[in-house]
Amino acid sequence: MQPIRQGDVILLPVQQIEGQKIPHLTLAEGEVTGHKHRITEGNAELYDKDSTLYLRVFSESALLAHEEHKAISIPQGDWMVKIQREYEPEGWRYVAD
């Protein structure tokens, strides 16, 4: 499986998920707009371990939606959720979505 990107959110395939199950399916929330990258269709669970989120998709696919991006299909499997960062002379910062 290849990494999947939607805006500043990148999903990386992983072999195994650990962590505490969390009761929502929001992968990231915009700091300025409040828009959310979230799973809106399919059977999935989100886990947190040491401030890193992991997504497990049980169904054949799940739909990742966001108000400013085209919805994308996430295949069945386990994924690490990362927020893209970029370097500026002042240091690293998270990419604004």
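All of these numbers come straight from a predicted model, not from anything done at the bench.

**Student:** Explain the pattern of salt bridges here, please?
**Tutor:** Side chains that differ in charge, positive against negative, can pair when their charged atoms come close. Scanning the entire structure with this criterion turns up three salt bridges. Across the pair glutamate 18 and lysine 49 runs a salt bridge whose closest N-O atoms are separated by 2.8 Å. Taken together, the residues span a long stretch of sequence, with glutamate 18 in the loop between strand E2 (9-13) and strand E3 (20-22) and lysine 49 in strand E6 (residues 44-49) at a distance of 31 residues. Relative accessible area serves as the criterion here: at 42%, glutamate 18 is assigned to the partly exposed category. A salt bridge links glutamate 45 to lysine 21, with the nearest nitrogen and oxygen atoms 3.3 Å apart. In this pair, glutamate 45 sits in strand E6 while lysine 21 sits in strand E3, placing the two residues 24 residues apart along the sequence.

**Student:** Where do I start with unusual backbone geometry in this structure?
**Tutor:** Most peptide bonds adopt trans geometry, and most residues besides glycine take a negative phi value. For aspartate 50, which is not glycine, the phi dihedral falls at a positive 55°. Position of aspartate 50 relative to the elements: it lies in the loop between E6 and strand E7 (52-66). The class for aspartate 50 is exposed, based on a relative accessible area of 69%. With phi around 65°, serine 51 is a residue other than glycine that occupies positive phi space. Within the secondary structure, serine 51 sits in the loop between E6 and E7.

**Student:** So what exactly am I meant to see when it comes to the side chain of serine 59 here?
**Tutor:** As for its placement among the helices and strands, serine 59 is situated in strand E7. One polar contact links the side chain of serine 59 to the main-chain amide nitrogen of asparagine 43, over a distance of 2.9 Å. Here serine 61 takes part through its backbone oxygen, which lies 2.7 Å from a polar atom of the side chain of serine 59.

**Student:** Explain the nonpolar core to me, please; I cannot follow it from the model alone.
**Tutor:** Across soluble globular proteins, nonpolar side chains have a tendency to be buried as a group. By size, the foremost hydrophobic cluster in this structure holds 18 residues, and its most contacted members are Leu11, Leu27, Leu55 and Ile74. For this core, the secondary structure elements donating two or more residues are E2, strand E4 (26-29), E6, E7 and strand E8 (69-83). Among the elements that take part in this core, E7 stands out by supplying five residues, more than any other. When sequence neighbours within four positions are dropped, the list of residues in contact with leucine 27 reads Val9, Leu11, His37, Arg38, Ile39, Leu46, Leu53, Leu55, Leu64 and Val81.

Scoring rules and cut-offs
Residues numbered from 1 in each chain as written. Predicted model: local features only at pLDDT ≥ 70, side-chain atom pairs only at ≥ 80, totals over all residues. Heavy atoms only, no water. Salt bridge = Lys/Arg side-chain N within 4 Å of Asp/Glu carboxyl O. Helix = DSSP H or I, 4+ residues; strand = E, 2+ residues; numbered from the N terminus. Buried < 20%, exposed > 50% of the residue type's maximum accessible area, 1.4 Å probe, protein only. Polar contact = N/O pair within 3.5 Å; in protein donor to acceptor, adjacent residues only side chain to side chain. Core = buried A, V, L, I, M, F, W, Y, C linked by side-chain atoms within 4.5 Å. Contact = heavy atoms within 4.5 Å.

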